[in-house]
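# Descriptive analysis of the structure
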There are 4 protein chains.
Amino acid sequence: MHQQFKECIEECLACMTECNHCFDACLKEEDVKMVAECIRLTRECADICSFAATAMASGSQFSSQICQLCATICEACATECEKHAHHHEHCKKCAESCRKCADACRKMAS
Amino acid sequence: MHQQFKECIEECLACMTECNHCFDACLKEEDVKMVAECIRLTRECADICSFAATAMASGSQFSSQICQLCATICEACATECEKHAHHHEHCKKCAESCRKCADACRKMAS
Amino acid sequence: MHQQFKECIEECLACMTECNHCFDACLKEEDVKMVAECIRLTRECADICSFAATAMASGSQFSSQICQLCATICEACATECEKHAHHHEHCKKCAESCRKCADACRKMAS
Amino acid sequence: MHQQFKECIEECLACMTECNHCFDACLKEEDVKMVAECIRLTRECADICSFAATAMASGSQFSSQICQLCATICEACATECEKHAHHHEHCKKCAESCRKCADACRKMAS
């Protein structure tokens, strides 16, 4: 496997785990309503990250297009999480992971 | 997150990647028929590993039961991959990753 | 494919769709906090339903064990949704779909 | 839910099931090597169909982009399955299901 694939897979899997952790932590917050969009996006972001990692690891001919979509969803998730980053440490860490993953995916897609 | 969760998540994600890589490599082998069951099991094992990692990272109340099932499928995948381990390096590495993941999942489930 | 498989796959896919719809509708409710556990469980239930349908359709040797786990998660999701069934039509419909799917999965698993 | 969503979700779930069934049937064929690309693509097509159905049912803002990608993968899977349609009934049925799903997804995406 190319090194570039390896790095992008690792970013996707790290992002998947941060998103799933943030999803859980948001559901346990006092003000769930404020993070409702965060809950929605962390779920979707975790799922596309898993799908992108699977595509790259299994040599999919669609890896570029899937990584492009993954980058788009990661950016949206990061933007939402950043709104809550000063309140919730889990949102801050999730946003950082999403930005890194989006960068790696864009590099892959190009 | 507990350290034990963290380690089990990492084993699941590593196993998921090895299984997906083995799936791809098996499909490119000269004798695909010989590794047909390997192809079937690496797919299923990759998918349950992703599901188990998601459950643990998002604090699922079903993490134990999911990890128990994951251990069962990992063992079956390892047993199949080991049949081809002397021929195919990817099967050897996949089998090792499956055994490690099964161990981590059993520990989690207990 | 056996008729029993076909019916169970259909229940799983119907339950997956109801759970995903309920997940969305819960996130749009005025009182999100009240349905936080519903959001968590509908996600997990949708995912195991998809996994169970995949297993059955692709002739997995683990179909029984996966359906057993699916039944357990469906029951938990139904029990949670029923708490909100008098307030939210989407929770009522989701609970019904989960009970039907749990029944079908238990029959499959036995 | 809009009727158009409902129809597209149904096509995605039907395609997912046909792809998973074709995956299984291809792995049991005498000449597995001949259908190796079919095995690869039915897996990926089943997974993106499940992801697209989830996105639509849960009101994802990325439904259009996901359906666009789903249409692309469905077309590739159909083209591959059609090569074996005269030999294998399961490939013929799978190709038909993929074409119908691609149509529905393109309509959704536009």
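For the structure itself, consult the block above.
In this report, the structure presented in the accompanying data block is examined. This is a predicted model, so every value here is computed, not measured.

The subject of this paragraph is the overall build of chain A. Secondary structure assignment for chain A yields four helices and zero strands. Starting at the N terminus and walking to the C terminus, you meet the elements of chain A as α-α-α-α. For chain A, whose C-alpha radius of gyration is 14 Å, the value lies close to the compact-globule estimate of 13 Å for 110 residues. A principal-axis box enclosing the C-alpha atoms of chain A has dimensions of 45 × 20 × 15 Å. Taken over 110 residues, chain A has a buried fraction of 64%. Considering only intrachain contacts with a sequence separation of at least 6, the fraction spanning at least 24 residues in chain A is 71%. Surface accessibility of chain A: about 4200 Å² in total, with carbon and sulfur atoms responsible for 50%. Averaging the locations of the 12 positively and 17 negatively charged side chains of chain A gives two centres separated by 2 Å.

Listed by partner, the interface residues are 15 residues for chain A and 15 residues for chain B. Seen at the junction of chain A and chain B, the total is zero salt bridges. For the pair chain A and chain B, the interface holds four residue pairs in polar contact (both at pLDDT 80 or more). Contributions of two or more residues to the side of chain A that touches chain B are made by helix H1 (3-27) and helix H2 (36-57) of chain A.

This part covers the nonpolar core. With 192 residues, the main nonpolar core has A:Cys12, B:Cys12, C:Cys12 and D:Cys12 as its most contacted residues. When neighbours within four sequence positions are excluded, D:Cys12 is seen to be in contact with D:Cys49, D:Ala52, D:Ala53, D:Met56, D:Cys70, D:Cys101 and D:Cys105.

What follows covers the relation of the copies chain A and chain B. For the pair chain A and chain B, the relating rotation is 180°, the translation along its axis is 0.0 Å, and the fit reaches an RMSD of 0.0 Å. When the rotation and shift are considered jointly, the pair of chain copies conforms to a two-fold rotation axis. Looking at the interface residues of chain A, 100% of them are also at the interface in chain B, so both copies use one shared face.

Let us now look at the pattern of salt bridges. With the rule as written, the count across this model stands at 52 salt bridges over all chains. Between A:Arg99 and A:Glu82 there is a salt bridge, with the nearest N and O atoms lying 2.9 Å from each other. Residue A:Arg99 is located in helix H4 (residues 89-109), and its partner A:Glu82 is located in helix H3 (residues 63-82); the two are separated by 17 residues in the primary sequence. Taking relative accessible area as the criterion, A:Glu82 reaches 36% and is therefore assigned partly exposed. As a salt-bridge pair, B:Arg106 and B:Asp103 come within 2.7 Å of each other at their nearest N and O atoms.

Glancing now at the interface of chain C and chain B. Taken together, the 20 residues of chain C in the interface contact 20 residues of chain B. Both sides together, the interface formed by chain C and chain B hides about 1500 Å², and carbon and sulfur atoms give 66% of it. At the surface where chain C touches chain B, the tally comes to zero salt bridges. Linking chain C to chain B there are four residue pairs in polar contact (both at pLDDT 80 or more). Of all elements in the fold, only helix H2 (36-57) and helix H3 (63-82) of chain C reach the threshold of two or more residues within the side of chain C that touches chain B.

What follows deals with helix H4 (residues 89-109) of chain C. Residue and element names in this part refer to chain C. Given a rise of 1.5 Å per residue, 21 residues ought to cover 30 Å, and the 30 Å separating the end C-alpha atoms of H4 matches this to within 8%. For H4, the complete set of buried residues consists of His90, Cys91, Cys94, Ala95, Ser97, Cys98, Cys101, Ala102, Ala104, Cys105, Met108 and Ala109. Contacts made by the buried residues of H4 are with helix H1 (3-27), H2 and H3.

The subject of this paragraph is the packing of helix H1 (residues 3-27) of chain B against helix H4 (residues 89-109) of chain B. The packing of two helices is summarised by the inter-axis angle and the distance between the axes. Residues and elements named next belong to chain B. Where H1 meets H4, the closest approach of the two axes is 8 Å, and the angle between their N-to-C directions is 155°. By the criterion of interaxial angle, the relationship of H1 to H4 is roughly antiparallel. As H1 runs across H4, the sense of the crossing is left-handed. Partitioning the contact of H1 with H4 into residue classes produces 16 nonpolar, four polar and five charged.

Take B:Arg43: it is sitting in helix H2 (residues 36-57). Excluding anything up to four places from it in sequence, B:Arg43 contacts B:Phe23, C:Thr54, C:Ser58, D:Asn20, D:Phe23, D:Arg43, D:Ala46 and D:Asp47.

All right, on to the packing of aromatic side chains then. According to the stated counting rule, one finds two aromatic pairs over all chains in the structure shown. When the centroid spacing of 6.1 Å and the interplanar angle of 15° are considered together, the rings of A:Phe51 and D:Phe51 count as stacked. In this pair, A:Phe51 sits in helix H2 while D:Phe51 sits in helix H2 (residues 36-57), so the two residues belong to two different chains. With respect to class, A:Phe51 is no different from D:Phe51; both count as buried. One residue, A:Arg43, lies across the ring of C:Phe23, its end atom 4.6 Å from the ring centre.

What follows concerns H2(D). All names here are of chain D. The end-to-end C-alpha distance of H2 is 32 Å, a good match for the 32 Å that 22 residues give at a rise of 1.5 Å each. Within H2, 20 of the 22 residues are buried, which leaves it mostly tucked inside the rest of the structure. With its phi angle positive at about 65°, glycine 59 sits one or two positions after the end of H2.

The rules behind each value
- Residues numbered from 1 in each chain as written.
- Chains lettered and ligands numbered in written order.
- Predicted model: local features only at pLDDT ≥ 70, side-chain atom pairs only at ≥ 80, totals over all residues.
- Heavy atoms only, no water.
- Helix = DSSP H or I, 4+ residues; strand = E, 2+ residues; numbered from the N terminus.
- Rg over C-alpha atoms; globule rule 2.2 N^0.38 Å.
- Buried < 20%, exposed > 50% of the residue type's maximum accessible area, 1.4 Å probe, protein only.
- Contact = heavy atoms within 4.5 Å.
- Areas by Shrake-Rupley, 256 points an atom, 1.4 Å probe, with all protein chains shown as cover.
- Lys, Arg positive; Asp, Glu negative; His and termini not counted.
- Charge placed at Lys NZ, Arg CZ, Asp CG, Glu CD.
- Salt bridge = Lys/Arg side-chain N within 4 Å of Asp/Glu carboxyl O.
- Polar contact = N/O pair within 3.5 Å; in protein donor to acceptor, adjacent residues only side chain to side chain.
- Core = buried A, V, L, I, M, F, W, Y, C linked by side-chain atoms within 4.5 Å.
- Least-squares fit on C-alpha atoms with pLDDT ≥ 70 in both.
- Buried area = accessible area lost by both parts, 1.4 Å probe.
- Expected span 1.5 Å × (residues − 1).
- Axes fitted to C-alpha atoms, helices over the stretch in contact; angles between N-to-C directions.
- Parallel < 35°, antiparallel > 145°, perpendicular 65-115°, else oblique.
- Left-handed = near helix turned anticlockwise from the far one by under 90°.
- Nonpolar A, V, L, I, M, F, W, Y, C, P; charged D, E, K, R; others polar.
- Phe/Tyr/Trp six-rings, centres within 6.5 Å; stacked < 30°, edge-to-face > 60°.
- Lys NZ or Arg CZ within 6 Å of the ring centre and 35° of its normal.

Functional significance is not addressed by these values, which are geometric in nature.
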